[in-house]
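# A structural walkthrough
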Amino acid sequence: MVDLQQQYKQIKPEIDKGIQEVIDTCAFINGPAVKSFQDDLETYLGINHVIPCANGTDALQVSMMALGLQPGDEVITASFTFIATAEVIALLKLTPVLVDVDPDTFNIDPEAIRRAITPKTKAIVPVHIFGQCAPMEEILEIARQHNLYVIEDNCQAIGADYIFHDGLQKKAGTIGHVGCTSFFPSKNLGCYGDGGAIFTHDNELASQLRFIVNHGMTVRYYHDFIGVNSRLDSIQAAVLKVKLKHLDEYAVKRRAAADFYDKAFAGQPGLKTPVRYHKSTHVFHQYTLVTNNIDRKALQEFMASKEIPVMIYYPVPLHMQKAYIDPRYKEGDFPVTESLSEHVISLPMHTELDEEQLAYITSSLLEVINR
Ligand SMILES: *Cc1c(COP(=O)(O)O)cnc(C)c1O
């Protein structure tokens, strides 16, 4: 699905130098490389504060802790997402309230958010799924009316721009009260291990976030809050500093691959190509097709026989996951999510796809659907 080896070869001298510098100085934890990457990312995103942490899941958890969400508070999120979003809500004993998504963009449906609001609702967690922003203006308006926090799960859309109705653009993750991202190797900005970060414009919230990622420590060995240990290590920061410089060029390559796929599959009744949302640029974390009347299992097997990975993100909706079975929800409650789970397929999507590979992937897929 991704080709990290080829990508590394392109930037090997810079990456190796960055890693070697960290080892030479032995500043493995909270070294200058972390601060340097943090500064670069703040500039890139146009945000006051980036707080690095250990992974995207922690970024979400720490955000909810720093905002002071309390057990029993309801947090609204999309039913079609990676488990981490709901997991941290459940871990903090908050109440996850799931809402369905838009069948075209796969992003959270603002009308469904409105219907899910109760007096206990405290926050909305839109997930910018597969590399495209959720409808943030509508979400901000709902949040304003009901005095709710907006926590952006931006683990899949770093670098995407949201375009407001007046033309103003903001980077995904910098629009709500707090934004969260992951630097897992296969994400659009991936390191060589685990990593994550939290973004905010708010000075007070930023200092709270910094305390919580560091054991709730305000002054060395004085712990004013219950925190966690969640750090981005210096070696990962050195890798990320190099890769951040290439992030926009990586998005261009991903879009080119997506355009190639789009053209190849245009007019195929069995395949719906990804819909571009007019208020967001798309950084194609995934290229996801919705199949129609196609035996998905046979398709996957055929593609596997051609050594082409085809993945299903996500095969089981949150409300049907064993650990999240909840008397509030039953099969049929989230028809769009449930249908997507049964019909989506994601094709290889990364920065190193050349025309030959793309032609091989598309012709193989056309072969199997037209058999
Ligand atoms: C990857 C991902 C996460 C979790 O990030 P980790 O760094 O793996 O903890 C959370 N939410 C979404 C939508 C993701 O894609």
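Presented here is an overview of the structure given in this document. (Residues numbered from 1 in each chain as written. Predicted model: local features only at pLDDT ≥ 70, side-chain atom pairs only at ≥ 80, totals over all residues. Heavy atoms only, no water.)

### Comments concerning the packing of helix 1 (residues 4–25) against helix 8 (residues 234–245)
The description of two helices packed together rests on the angle between their axes and the distance between the axes. Contact pair helix 1 / helix 8: the axes reach a minimum separation of 9 Å and the direction vectors enclose 140°. Relative to helix 8, the element helix 1 is oriented oblique. Here helix 1 runs over helix 8; the crossing is right-handed. Within the contact between the two elements, helix 1 uses Q7, I11, E14, I15, G18, I19, V22 and I23 and helix 8 uses S234, I235, A238, V239, V242, K243 and K245. Taken together, the residues of the contact of helix 1 with helix 8 sort by class into 9 nonpolar, 3 polar and 3 charged. (Axes fitted to C-alpha atoms, helices over the stretch in contact; angles between N-to-C directions. Helix = DSSP H or I, 4+ residues; strand = E, 2+ residues; numbered from the N terminus. Parallel < 35°, antiparallel > 145°, perpendicular 65-115°, else oblique. Left-handed = near helix turned anticlockwise from the far one by under 90°. Contact = heavy atoms within 4.5 Å. Nonpolar A, V, L, I, M, F, W, Y, C, P; charged D, E, K, R; others polar.)

### What to know about the site of the ligand
Around the ligand there are 13 residues in total, and G56, T57, Q156, S182 and K187 lie nearest to it. Q156 has a polar side-chain atom sitting 2.8 Å from an oxygen atom of the ligand. A distance of 2.6 Å separates an oxygen atom of the ligand from a polar side-chain atom of S182. Considered on its own, the ligand offers 380 Å² of accessible surface; in the complex 92% of this is hidden by protein. A majority-of-atoms criterion places the ligand in the largest pocket. Counting residues per element, the ones that place at least two in the shell around the ligand are helix 3 (56–66) and helix 4 (84–91). Split into classes, the residues belonging to the shell around the ligand amount to 4 nonpolar, 7 polar and 2 charged. (Near = heavy atom within 4 Å. Polar contact = N/O pair within 3.5 Å; in protein donor to acceptor, adjacent residues only side chain to side chain. Areas by Shrake-Rupley, 256 points an atom, 1.4 Å probe, with all protein chains shown as cover. 1 Å grid on protein atoms, 1.4 Å probe; cavity = no way out; pocket = protein on both sides within 12 Å on 5 of 7 lines; lining within 4 Å. Sits in = over half its atoms within 2 Å of the grid points.)

So yeah, pure geometry; function would need other evidence.
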